Amino acid sequence: MEYEAKEQARANYCERTNGRKEFEYFIEPSKLIEPDETIVMVGLSKNHLKQLPKNIIGIIRTNNVQELAEIYTTADVFFNPTLEDNFPTANLEALACGTPVITFIPTLEMARNSD
């Protein structure tokens, strides 16, 4: 594992940042969290890793299922700022690990209207 789980609040992002998933949606909240809180972002490019503030831990993309499950379960919340996906696999994976998901309304509306 590339980071140590700590007894502090974490927000997790386990999806590739590629234009659809907005990197900036994590930078602004990092300015608002307490000094002992951390945001963990997974699926970053090497360029994004260089741009992170000190209170964001960045991890490059992983295909290791056990590593992803560990990341999901150590998070207090999973944040997925998707504007296009209807109900992404990453959200389902986080929920399966018992981690609450925060996402944008279009994703939730698609789930609500799929009855």
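How each quantity is defined
Residues numbered from 1 in each chain as written. Predicted model: local features only at pLDDT ≥ 70, side-chain atom pairs only at ≥ 80, totals over all residues. Heavy atoms only, no water. Helix = DSSP H or I, 4+ residues; strand = E, 2+ residues; numbered from the N terminus. Contact = heavy atoms within 4.5 Å. Areas by Shrake-Rupley, 256 points an atom, 1.4 Å probe, with all protein chains shown as cover. Salt bridge = Lys/Arg side-chain N within 4 Å of Asp/Glu carboxyl O. Buried < 20%, exposed > 50% of the residue type's maximum accessible area, 1.4 Å probe, protein only. Pairing = 2+ DSSP bridges. Phe/Tyr/Trp six-rings, centres within 6.5 Å; stacked < 30°, edge-to-face > 60°. Polar contact = N/O pair within 3.5 Å; in protein donor to acceptor, adjacent residues only side chain to side chain.

## Some details on the overall build of the protein
Here is step 1 of the chain: A count of helices and strands for the protein gives five helices and five strands.
Here is step 2 of the chain: Each helix and strand of the protein, placed in order from N terminus to C terminus, yields the pattern β-α-β-α-β-α-β-α-β-α.
Here is step 3 of the chain: Residue pairs at least 24 apart in sequence account for 56% of intrachain contacts in the protein once pairs closer than 6 positions are excluded.
Here is step 4 of the chain: About 6,900 Å² of surface is accessible on the protein, with carbon and sulfur atoms providing 52% of the total.

## So, the pattern of salt bridges
Here is step 1 of the chain: Taken as a whole, this structure holds one salt bridge when the rule is applied.
Here is step 2 of the chain: Of the charged contacts in the structure, one is a salt bridge between E28 and K31, with a shortest N-O distance of 2.8 Å.
Here is step 3 of the chain: E28 gets classed as partly exposed once you look at its relative accessible area, which sits at 47%.
Here is step 4 of the chain: Among the residues examined, K31 registers a relative accessible area of 56% and is labelled exposed.

## Concerning the pairing of strand β2 (residues 38-44)
Here is step 1 of the chain: The element β2 is extensively covered by neighbouring structure, given that seven of its seven residues are classed as buried.
Here is step 2 of the chain: Bridge count for β2 against strand β3 (residues 56-60) is five bridges, and the pairing is parallel. Bridging across to β3, V42 finds its partner in I59.

## Remarks on the environment of L49
Here is step 1 of the chain: Secondary-structure assignment places L49 in helix α2 (residues 46-50).
Here is step 2 of the chain: Since its relative accessible area comes to 29%, L49 is described here as partly exposed.
Here is step 3 of the chain: With eleven residues separating them along the chain, L49 and I60 place their C-alpha atoms 8.0 Å apart.
Here is step 4 of the chain: Residues contacting L49, with those up to four places away along its chain left out, are L44, G58, I59 and I60.

## A short note on the packing of aromatic side chains
Here is step 1 of the chain: Across all of its chains, the model carries two aromatic pairs by this definition.
Here is step 2 of the chain: For the pair F26 and F79, a centre-to-centre distance of 5.0 Å together with 65 degrees between the ring planes defines the contact as edge-to-face. You can see F26 sitting in helix α1 (residues 24-30) and its partner F79 sitting in strand β4 (residues 77-80), a full 53 residues away along the chain. Note on accessibility: F26 and F79 belong to one class, buried.
Here is step 3 of the chain: On the basis of an interplanar angle of 65 degrees and a centroid distance of 5.5 Å, the ring pair of Y72 and F78 is categorised as edge-to-face.
Here is step 4 of the chain: Relative accessible area serves as the criterion here: at 0%, F78 is assigned to the buried category.

## Details of the side chain of N80
Here is step 1 of the chain: Here N80 is to be found in strand β4.
Here is step 2 of the chain: Looking at N80, its side chain comes within polar contact range of the side chain of N91, at 2.9 Å.

The values reported here are purely geometric and, on their own, carry no functional implication.
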